[in-house]
Amino acid sequence: MRHSIRIKISLMIFACSLCMVAAIIFMNTVFLDKFYLNDKEKSFEKAYEAVDSYVSSYSDGMTSLDDFKQKMEIITARSYISIMIINNDWSIMYASMQDVDEFVKRLQNSLFNKILSGGDIENINGLKTVIARDNYSIYEIYNSRMNDTYLELIGNMSNGQMIYMTLAVKSIQNNVDISNRFIINVGLAVAVIAAFAAFLTGSWIAKPIKELEAIAEKMSDLDFNAVYTGKDKSEIGLLGNSMNKLSSKLEKTISELKSANVELQKDIETKEQVDEMRKEFLSNVSHELKTPIALIQGYAEGLKEGITDDPESTQFYCDVIMDEASKMNNMVKKLLTLNQIEFGNEQLEMERFNLTEVMKAVINSNKLLAEQKGIEIQFAGEDFVEVWADEYKIEEVATNYLTNAINHCDGERKIKVSIEVHNGIARTSVFNTGEPIPESELDNIWIKFYKVDKARTREYGGSGIGLSIVKAIMEQHKQECGVKNHEDGVEFWFELDAKI
């Protein structure tokens, strides 16, 4: 039972309570009296400085009598100090106490007059000098008639007037006020220490419980690798050891089965993916190669059989064969590139580069082809737009977009390339004038070998793979791309993270 959590918690709470009580008793016994007197002495000094300032201001005519009296009343109300200011002819300038005349007569024959006249005060019973300054002194005086101890300030003002201030040390209201402030200060300090100790204690107790909770959570997910490492000999320690034994017995069989299952699943998924890609590749290639192979075979047979002796016709036959072979070569290259991206064999080389520079380079490389077709290419955007991506892959995306725009440009025969940055995203758009894409076809244009206008695509050697490559590259970057119809043309776009 000596290791029980309940006993530990009880002992800690009891010990903390004893420490808090002992600390409060000690602080009250040792420091309260000194704190109380020190506070009163500071109050006297602050009150003297304020009164001296107000008297000087009143004497110089900067303050009216009503304002002066109001300020003096505020000092008295806040500090509970009785104040009397006496002129050199013993007339009263200001007094906060009652029966002033009688009080002045008593002062003329008392300690007040004796101090001002430089008399000997060391042998006066019940008198203790607390603070001695150039212009005033503060004394602690015991009044046997009133059976009370007083603090009295006696001295001169800057303008020559005499000042007398008195305060009963045991003033009930002031005493309660100071005691409350003292208790609050000490109580807060003790509370902070107790809270810190409770936090450390709670963490120490809760640590093994949280560890067991985490182990239980992992075991519920069939993860038996977690082990309880605590050295506690209480009920928590016994429970942790039992869980370790259970986990150890199940770990061997479950872990081996789980590992084998994961490996098997990976092999199956890889095989299925490879088989699917092989089937798709063979199907697409066989379909797309039918026409060019047939053309090559037909024109080659014609040349062999000598259908024409005309050099121009022979040259035409050879050009057709070479053109169709070139189309086949480009299509196979693009298809291999697309399969590598989709299969994950090509890793991205992420870097920061100037997107504007890349787009201008792509425009310049396609400018001659555009001019041959009577197409004007315009660019709009900042000179420097820094993005985070694979520069080579993004250049391929831009090339596919621009080539596609040139091949489908019609009407005014204009292409507009623009880059806009909003909220840290750079959007690149390639717009070409011409016929919009039917809305029903917009989602299909990203599919491999899909062609909206097969006759026209065949005209310039398109294979229907370019936009599929764009889609695969942007998905590899985990970024967006898309297409939008306008009244006078079509806009293709893609987005990248921009450095602002």
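Scroll up a little and you will see the structure.
Let us look at the structure shown here.

Reading the values: rules and limits
Residues numbered from 1 in each chain as written. Predicted model: local features only at pLDDT ≥ 70, side-chain atom pairs only at ≥ 80, totals over all residues. Heavy atoms only, no water. Salt bridge = Lys/Arg side-chain N within 4 Å of Asp/Glu carboxyl O. Helix = DSSP H or I, 4+ residues; strand = E, 2+ residues; numbered from the N terminus. Buried < 20%, exposed > 50% of the residue type's maximum accessible area, 1.4 Å probe, protein only. Axes fitted to C-alpha atoms, helices over the stretch in contact; angles between N-to-C directions. Left-handed = near helix turned anticlockwise from the far one by under 90°. Contact = heavy atoms within 4.5 Å. Nonpolar A, V, L, I, M, F, W, Y, C, P; charged D, E, K, R; others polar. Phe/Tyr/Trp six-rings, centres within 6.5 Å; stacked < 30°, edge-to-face > 60°. Lys NZ or Arg CZ within 6 Å of the ring centre and 35° of its normal. Expected span 1.5 Å × (residues − 1). Polar contact = N/O pair within 3.5 Å; in protein donor to acceptor, adjacent residues only side chain to side chain.

### A word on the pattern of salt bridges
With the rule as written, the count across this model stands at four salt bridges. Here Lys-360 and Asp-383 are joined by a salt bridge, their closest N and O atoms 3.8 Å apart. Here the residue Lys-360 occupies a position in helix H8 (residues 355-372), and Asp-383 occupies one in the loop between strand E8 (376-380) and strand E9 (386-389), the gap between them amounting to 23 residues. For Lys-360, a relative accessible area of 36% corresponds to the partly exposed category. Asp-383 gets classed as exposed once you look at its relative accessible area, which sits at 61%. We note a salt bridge from Glu-495 to Arg-427, for which the minimum N-O separation is 3.0 Å. Of this pair, Glu-495 sits in strand E13 (residues 489-498) while Arg-427 sits in strand E11 (residues 425-433), placing them 68 residues apart in sequence. A relative accessible area of 16% places Glu-495 in the buried class. For Arg-427, a relative accessible area of 31% translates into the label partly exposed.

### A few points about the packing of H8 against helix H9 (residues 391-408)
Axes are the key here: two packed helices are described by the angle between their axes and the distance separating the axes. For the pair H8 and H9, the least separation of the axes is 10 Å and the interaxial angle reads 35°. In this structure, the crossing between H8 and H9 has a hand that is right-handed. Contacts between H8 and H9 involve Leu-355, Val-358, Met-359, Val-362, Ile-363, Asn-366, Leu-369 and Ala-370 on the former and, on the latter, Glu-391, Ile-394, Glu-395, Ala-398, Thr-399, Leu-402, Thr-403 and Ile-406. Taken together, the residues of the contact of H8 with H9 break down into 11 nonpolar, three polar and two charged.

### Thoughts on the packing of aromatic side chains
For the structure on display, the rule yields six aromatic pairs. With centroids separated by 5.0 Å and ring planes inclined at 20°, the aromatic side chains of Tyr-58 and Phe-68 adopt a geometry described as stacked. Here Tyr-58 is found in helix H1 (residues 5-59), whereas its partner Phe-68 is found in helix H2 (residues 65-79), with 10 residues between them in sequence. Here the aromatic rings of Tyr-401 and Phe-494 are separated by 6.0 Å at their centres, their planes lie at 45°, and the arrangement is tilted. Of this pair, Tyr-401 sits in helix H9 while Phe-494 sits in strand E13, placing them 93 residues apart in sequence. In this pair, the class of Tyr-401 matches that of Phe-494, namely buried. A connected cluster of aromatic rings, assembled from ring pairs, spans Tyr-401, Trp-446, Phe-492 and Phe-494. The aromatic ring of Trp-493 is capped on one face by Arg-427, whose charged end is 3.8 Å from the ring centroid.

### Side note on H9
Over its 18 residues, H9 runs 26 Å from end to end, which matches the ideal 26 Å to within 8%, given 1.5 Å per residue. Inspection of H9 places Lys-393, Ile-394, Val-397, Ala-398, Asn-400, Tyr-401, Leu-402, Asn-404, Ala-405, Ile-406 and Asn-407 among the buried residues, and these make up the whole buried set. The N-capping residue of H9, defined by a side-chain oxygen 3.1 Å from the backbone nitrogen of Tyr-392, is Asp-390.

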